[in-house]
Amino acid sequence: MDQAVEALDVKVWRGNAKGGSYRSYEVPAQRSQTVLDVVTWIQQNAEPTLTYRFACRVGMCGSCAMMVNGEPRWTCRTHVKKVLEGRHLEIAPLRNLPVIKDLATDMTAFFDKWTGAEGVFHPTASRADAIAPISPEDPARVLANEAIECINCAVCYSACDTVTANPDYLGPAALNRAWTLQNDERDGAHSRRLRTISGGGGCFNCHSHQSCMTYCPNELNPTASIAGLKRLSAMSFFKGGRDR
Amino acid sequence: MMVAKHRRDTLRIASLIHRVSGLALALFLPLHFYVLGLALNDAAGLDAFLKWTDYPLVKFAETVLVLLLSLHLFGGLRLLALEFLPWSPRQKAYAASAVALSFFVSVGFFLSAV
Amino acid sequence: MIGLRLYLAQRISAMLMAPLVLGHIATMIYAVQNGLSAAEILERTQGSFWWGAFYGLFVVAVSIHAAIGLRAIVCETFSLTARWLDLFTWAVGILLLLLGARAVAAVVL
Ligand code: SF4
Ligand code: SF4
Ligand code: FES
C-alpha cells in the first residue's frame, strides 16, 4: 500500500432484508491488513452493532466472503493493498444471496442447492469393510483432486450471472462438488446424481463465462467441472444408461 | 450506470457477444425467410427487394449481419470445444481469436460487396 | 431451464450448422460480388438437390437451435413457468421451421 495513506475511507453496507445503505468509516491503515481486519476494526471501535461472519481467519472455513469494491472476495485472505482504490474500500454482503443483516447473508439457498445437486457422499462400504485402496494416479481421482479443495465460501456463486438470472440454477459450487463425487469410485450414487444434475436447474444452464473460476479463492475451476458433468450426462444418454 | 466488475472480464464479454449476436440473428431470421419466400410467387417481388441491397447503407447492414453470424459461429465453436474437448487454459486467447477472425471474414465480405 | 434433451438438441444442431454456416458465408461472399439478383440466386438453387438438402438441413437445425437459444434468454430475463417456456420454445421452433421451409421451397422448387 501507498505509505501516504493513513486512513482508509471505508463504506460499509448496513441494513437488513428490507433494504439498507452505505455508511462511511475512517479506519487507520496498517502496513499489513486484510479486509476482514478492517471490518473487525469498525465493529470493535466504531459500530458495535455491525454484523458479519467469520471463523477461521486463515482461509479454511469459507464463512467470511463479502463483496469488496464490487467483487466477491474471501475477506480474511484479501489484503487491503490488493483491492484498495485510492483510499476507498466498499464492503457489502455477497451478491445473489438474501441479506440477513449488514454483511451477513442467508446462505440457505446455497447449501440447499449443494445437497440438491447430490453433493453428498453416498458410501458403498461399511466400517466393517477394508479401506478401499485408491491410487492417486487413477484418472478419475486426478480429476476429483483438481476440484476438491472447495471451502463453500459462495464466492463463485455470487460471481455467477446465471445464478442471478435463474434462481433454480444449482450454481458453480454445488455442481463442482457433484463432479468430484462423480469421480469418486467409492461413491454409490453416480447415476442418481447424474439425473439430478441434468435436470431443469442443472449443469446444462451453465454458459461457461468462467466468472466462477476467475473469482474462486482456491483457484478451482467449476467451469471445467461443469463441462465434465455435461459430457458425462451426454455420454450416459447415448449409452442408454440414463435410467440405470 | 457502472458495469459491474465481473462483467468487464474478457470471457464474460465473450458470452455477452454470443448472446447478443444470437438474439439479433434469431430476430433477423424471419425477415430473411420472408424475403426469400417472395420468390415463391413472383421472382420480380424478390428482385424489387434485392434492389435495396445496392445501397451502401444496406451493404453496411449486410456486413454487420455477416459479422454477427461469424461472431456467433466462431464463438460457438470455442464453446463446443470447451465443453467437449479436454480443458484448455487458453480460453481468453481463443475468444479473442474468434472475434479477430470474425472481423476478418466480415471485412472480406464487405470488400467483395462494394 | 435447460435439461439434457434440450442441451443435446442445441449442441447437435450447432455442430451440424458449423460447416453449413461456413458454406453460407462463403456463398455470400461469392454471390455478392456482382450484386444480388433473383435470377442469379434462382439459377444457382432451382432444381438443385444439393442446395435443397443444404438449405433444408440448415433450416431444420437453425429452427431447433434458435428456439432453444431464445428459450434460455427468455427464461433468464422473464420469470415464466416451465409450461409457458415450453410453449414459447415450440412456437418459435415451428414458426421458424414453417417460414424456413417456405423460403427453401421458393428458391429450390
Ligand atoms: S461458468 Fe457456469 S457456473 Fe461459472 S459463472 Fe458462468 S454460468 Fe456460472
Ligand atoms: S468453488 Fe471456490 S469460490 Fe466456489 S465455494 Fe468453493 S472455494 Fe468458494
Ligand atoms: S474466516 Fe474462514 S475463510 Fe475467511
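What you are looking at is a predicted structure, and each value in this text was computed from that prediction instead of being measured.

Regarding its fold elements, chain A presents 10 helices and seven strands. Overall, chain A is about 65 × 35 × 30 Å in size when its C-alpha atoms are taken along their principal axes. Within the span of chain A, comprising 244 residues, buried residues form 52% of the whole. The contacts of chain A with a sequence gap of at least 6 include a subset with a gap of at least 24, amounting to 64%.

This part takes up the interface of chain C and chain B. Between chain C and chain B, the contact holds 34 residues from the first and 33 residues from the second. Taking both partners together, chain C and chain B bury about 2,900 Å²; carbon and sulfur atoms supply 77% of that area. If you look at where chain C meets chain B, you find two salt bridges. For the salt bridge of E83(B) with R11(C), the shortest nitrogen-to-oxygen distance reads 2.7 Å. The interface formed by chain C and chain B includes four residue pairs in polar contact (both at pLDDT 80 or more). Secondary structure elements with two or more residues in the side of chain C that touches chain B: α1 (4-31), α2 (38-45), α3 (49-77) and α4 (82-108) of chain C. When residues in the side of chain C that touches chain B are grouped by element, the largest group, 11 residues, is from α1(C). Among the residues making up the side of chain C that touches chain B, the classes are represented as 26 nonpolar, five polar and three charged.

Looking now at the site of ligand 2. Residue and element names in this part refer to chain A. Around ligand 2 sit C150, I151, N152, C153, A154, V155, C156, A173, C216, P217 and L220, and those are all the residues in its vicinity. Given that more than half its atoms are within 2 Å of the pocket grid, ligand 2 belongs to the largest cavity. Of the residues contributing to the shell around ligand 2, the split by class is 10 nonpolar, one polar and no charged.

Another aspect to go through is the packing of aromatic side chains. Taken as a whole and judged by the stated rule, the model has 12 aromatic pairs over all chains. On the numbers, 5.4 Å between centres and 75 degrees between planes, the contact of W51(C) with F54(C) is edge-to-face. Of this pair, W51(C) and F54(C) both sit in helix α3, separated by three residues, roughly a single helical turn. Classification of W51(C) as partly exposed rests on a relative accessible area of 22%. Put simply, the rings of F110(A), F111(A), W114(A) and Y157(A) touch in pairs and so form one group of aromatic residues.

With that out of the way, let us pick up the site of ligand 1. Residue and element names in this part refer to chain A. Residues in close proximity to ligand 1 total 13 residues, the closest being C160, T162, C206, H209 and C212. Assessed atom by atom at 2 Å from the grid points, ligand 1 resides in the second largest cavity. The set of elements that each furnish at least two residues to the shell around ligand 1 consists of α9 (211-215) and α10 (222-238).

Quick look at the pattern of salt bridges now. Per the stated rule, a full pass over the model turns up 18 salt bridges over all chains. One salt bridge in this structure joins D161(A) and R12(B), with 2.8 Å as the shortest N-O distance. Here D161(A) is found in helix α6 (residues 161-165), whereas its partner R12(B) is found in helix α1 (residues 10-37) on a different chain. As far as the burial class goes, D161(A) and R12(B) line up, both buried. Two residues, R186(A) and D184(A), come together in a salt bridge whose shortest N-O distance is 2.8 Å.

In this section: the interface of chain A and chain B. Taken together, the 21 residues of chain A in the interface contact 16 residues of chain B. Between chain A and chain B, roughly 1,500 Å² of surface is buried when both sides are summed, and carbon and sulfur atoms account for 51% of that area. Summed over the shared surface of chain A and chain B, the number is four salt bridges. The tally of links between chain A and chain B comes to nine residue pairs in polar contact (both at pLDDT 80 or more). Contributions of two or more residues to the side of chain A that touches chain B are made by α9 and α10 of chain A.

This paragraph deals with the confidence of the model for chain C. Residues and elements named next belong to chain C. When the pLDDT values of chain C are averaged, the result is 92; 100% of them are 70 or greater. Here α2 stands out as the least confident element of chain C, with mean pLDDT 80; α3 is the most confident, with 96. Complex prediction metrics read pTM 0.94 and ipTM 0.93.

Turning our attention to the environment of R90(B). Along the chain, R90(B) turns up in the loop between α3 (56-84) and α4 (91-113). Spatially, the C-alpha atom of R90(B) lies 45 Å from that of K51(B), the residues being 39 residues apart in sequence.

Next up on the list: the packing of α1(B) against α4(C). Following both chains from N to C, one finds α1(B) and α4(C) inclined at 30 degrees, their axes separated by 8 Å at the closest point. Relative to α4(C), α1(B) is oriented roughly parallel. Crossing handedness for the pair α1(B) and α4(C): left-handed. When α1(B) is examined against α4(C), the residues L29(B), P30(B), F33(B), Y34(B), L36(B) and G37(B) are found in contact with a partner set consisting of L96(C), L99(C), G100(C), R102(C), A103(C), A106(C) and V107(C).

With that settled, consider unusual backbone geometry. The backbone phi angle of R57(A) is positive, close to 65 degrees, even though this residue is not glycine. On the accessibility criterion, R57(A) (55% relative accessible area) is exposed.

All names here are of chain B. Relative to the 40 Å expected for 28 residues at 1.5 Å per residue, α1 spans 40 Å between its end C-alpha atoms, a close match to the ideal helical length. At F28, α1 shows its maximal bend, which comes to roughly 30 degrees, and the proline P30 appears one to four places after that position. The opening residue of α1, the one whose side-chain oxygen lies 3.0 Å from the backbone nitrogen of L11, is D9.

Cut-offs and rules
Residues numbered from 1 in each chain as written. Chains lettered and ligands numbered in written order. Predicted model: local features only at pLDDT ≥ 70, side-chain atom pairs only at ≥ 80, totals over all residues. Heavy atoms only, no water. Helix = DSSP H or I, 4+ residues; strand = E, 2+ residues; numbered from the N terminus. Buried < 20%, exposed > 50% of the residue type's maximum accessible area, 1.4 Å probe, protein only. Contact = heavy atoms within 4.5 Å. Buried area = accessible area lost by both parts, 1.4 Å probe. Salt bridge = Lys/Arg side-chain N within 4 Å of Asp/Glu carboxyl O. Polar contact = N/O pair within 3.5 Å; in protein donor to acceptor, adjacent residues only side chain to side chain. Nonpolar A, V, L, I, M, F, W, Y, C, P; charged D, E, K, R; others polar. Near = heavy atom within 4 Å. 1 Å grid on protein atoms, 1.4 Å probe; cavity = no way out; pocket = protein on both sides within 12 Å on 5 of 7 lines; lining within 4 Å. Sits in = over half its atoms within 2 Å of the grid points. Phe/Tyr/Trp six-rings, centres within 6.5 Å; stacked < 30°, edge-to-face > 60°. pLDDT = per-residue confidence, 0-100. Axes fitted to C-alpha atoms, helices over the stretch in contact; angles between N-to-C directions. Parallel < 35°, antiparallel > 145°, perpendicular 65-115°, else oblique. Left-handed = near helix turned anticlockwise from the far one by under 90°. Expected span 1.5 Å × (residues − 1). Bend = angle between axes of the 7 residues up to and from the residue.

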